[in-house]
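# Reading the structure
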Amino acid sequence: MKALFIGGIKSGKSFNAEKYTLTLTNKRPLYLATTEFIDDEIKEKIEAHKRQRQEQFITLEEPLQLYDVLKSRDEVVLVECLSMWINNMLYHNFTTEAIESEIEKLLTLPNKIVFVLNDVSATVVPENRLAREFINMSGRVAQMVASGCDEVYHTIAGISTRIK
């Protein structure tokens, strides 16, 4: 079973994905944190997420090689979040093919996995090449993950609506 929670920044998707993930198991699920520490703002965001989830999850941090860290695990997994992972992959000069391959491999895992992704599709096309690359890659990853998931939830104003 795979599920995707997609929505805008601060839409409530992460909180709802956490609640949903906890319903999938009677054990502590794995929280796969993808954010690399970059600056004080990101550090505060990381701390806020830690406070939100408290001790309900086993936290594992991995900014790049998601499949490699999950392939030997059997827990229910919350991947938080694919947007930061895409950012990391582009920052470290991974190719489109490498990013798509990683997503394809993740979707083959037998684990119950809940993915979180920012929806950046309703934005203007930026003049910055890297920003355009991120938006394009995010859209591609969203389509791949949604296609491979059993359930997809779109979150607006803290309300997640099942769209698949």
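Conventions we followed
Residues numbered from 1 in each chain as written. Predicted model: local features only at pLDDT ≥ 70, side-chain atom pairs only at ≥ 80, totals over all residues. Heavy atoms only, no water. Salt bridge = Lys/Arg side-chain N within 4 Å of Asp/Glu carboxyl O. Helix = DSSP H or I, 4+ residues; strand = E, 2+ residues; numbered from the N terminus. Buried < 20%, exposed > 50% of the residue type's maximum accessible area, 1.4 Å probe, protein only. Core = buried A, V, L, I, M, F, W, Y, C linked by side-chain atoms within 4.5 Å. Contact = heavy atoms within 4.5 Å. Phe/Tyr/Trp six-rings, centres within 6.5 Å; stacked < 30°, edge-to-face > 60°. Axes fitted to C-alpha atoms, helices over the stretch in contact; angles between N-to-C directions. Parallel < 35°, antiparallel > 145°, perpendicular 65-115°, else oblique. Left-handed = near helix turned anticlockwise from the far one by under 90°. Nonpolar A, V, L, I, M, F, W, Y, C, P; charged D, E, K, R; others polar. Pairing = 2+ DSSP bridges.

## Some words on the pattern of salt bridges
Evaluation of the coordinates by the stated rule reveals six salt bridges. Between E102 and K105 there is a salt bridge, with its nearest N and O atoms 3.8 Å apart. Linking E102 with K105, this pair stays in helix α5 (residues 96–108), spanning three residues, or about one helical turn. What makes K105 partly exposed here is its relative accessible area of 32%. Ionic pairing is found between E151 and R162, a salt bridge with its closest N-O pair at 3.9 Å. With a gap of 11 residues between them, E151 in strand β6 (residues 151–156) and R162 in strand β7 (residues 159–162) connect regions that are remote in the sequence.

## So, the nonpolar core
Formed by 30 residues in total, the largest nonpolar core has its most connected members in L82 and F115. Only β1 (2–7), β2 (30–33), α3 (66–70), β4 (77–80), α4 (82–91), α5, β5 (113–118) and α6 (129–148) provide two or more residues apiece to this core. For this core, the element with the most residues is α6, which contributes six residues. Setting aside chain neighbours within four positions, we find L82 in contact with L66, I103, F115, V116, L117, V141 and V145. In terms of nonpolar packing, the next biggest core, distinct from the first, is built from 16 residues, A3, I42, C81 and Y153 among them.

## A look at the packing of aromatic side chains
Tallied over the full model, the rule gives four aromatic pairs. Here the aromatic rings of F5 and Y153 are separated by 4.7 Å at their centres, their planes lie at 15 degrees, and the arrangement is stacked. With F5 in strand β1 and Y153 in strand β6, the pair connects residues that are 148 residues apart, well separated along the chain. The residues F5 and Y153 share a single accessibility class, namely buried. Ring centres of Y31 and F57 lie 5.7 Å apart, and the angle between their planes is 75 degrees; on these two criteria the pair is classed as edge-to-face. Taken together, the residues Y31 in strand β2 and F57 in the loop between α2 (40–53) and β3 (58–61) connect sequence positions 26 residues apart. Within the aromatic cluster, the residues linked to one another by ring pairs are F5, Y20 and Y153.

## Some thoughts on the packing of α5 against α6
Helix-helix packing is described using two parameters, namely the angle between the two axes and the distance between the axes. The N-to-C vectors of α5 and α6 enclose an angle of 20 degrees; their axes lie 10 Å apart at closest approach. The orientation of α5 relative to α6 falls into the category roughly parallel. Considering how the two elements wind past one another, α5 and α6 form a crossing that is right-handed. In contact with T96, I99, E100, I103, E104 and L107 of α5, α6 contributes M137, R140, V141, M144, V145 and G148. Residue classes in the contact of α5 with α6 are distributed as seven nonpolar, two polar and three charged.

## Some remarks on α4
Most of α4 is tucked away, with eight of its 10 residues classed as buried. Listed in full, the buried residues belonging to α4 are L82, S83, M84, W85, I86, N88, M89 and L90. Where α4 ends, the next residue or the one after it, N93, has phi of about 65 degrees, a positive value.

## Some words on the pairing of β5
Within β5, six of the six residues are buried, which leaves the element mostly enclosed by the surrounding structure. Residues I113, F115 and L117 of β5 are buried on one face, and the alternating residues V114, V116 and N118, pointing to the opposite face, are buried as well. One ladder, built from six bridges, connects β1 with β5; its direction is parallel. Bridged to F5 within β5 is V116. Sheet topology places β4 next to β5; three bridges connect them, and they run parallel. What sits directly across from V79, in β5, is F115.

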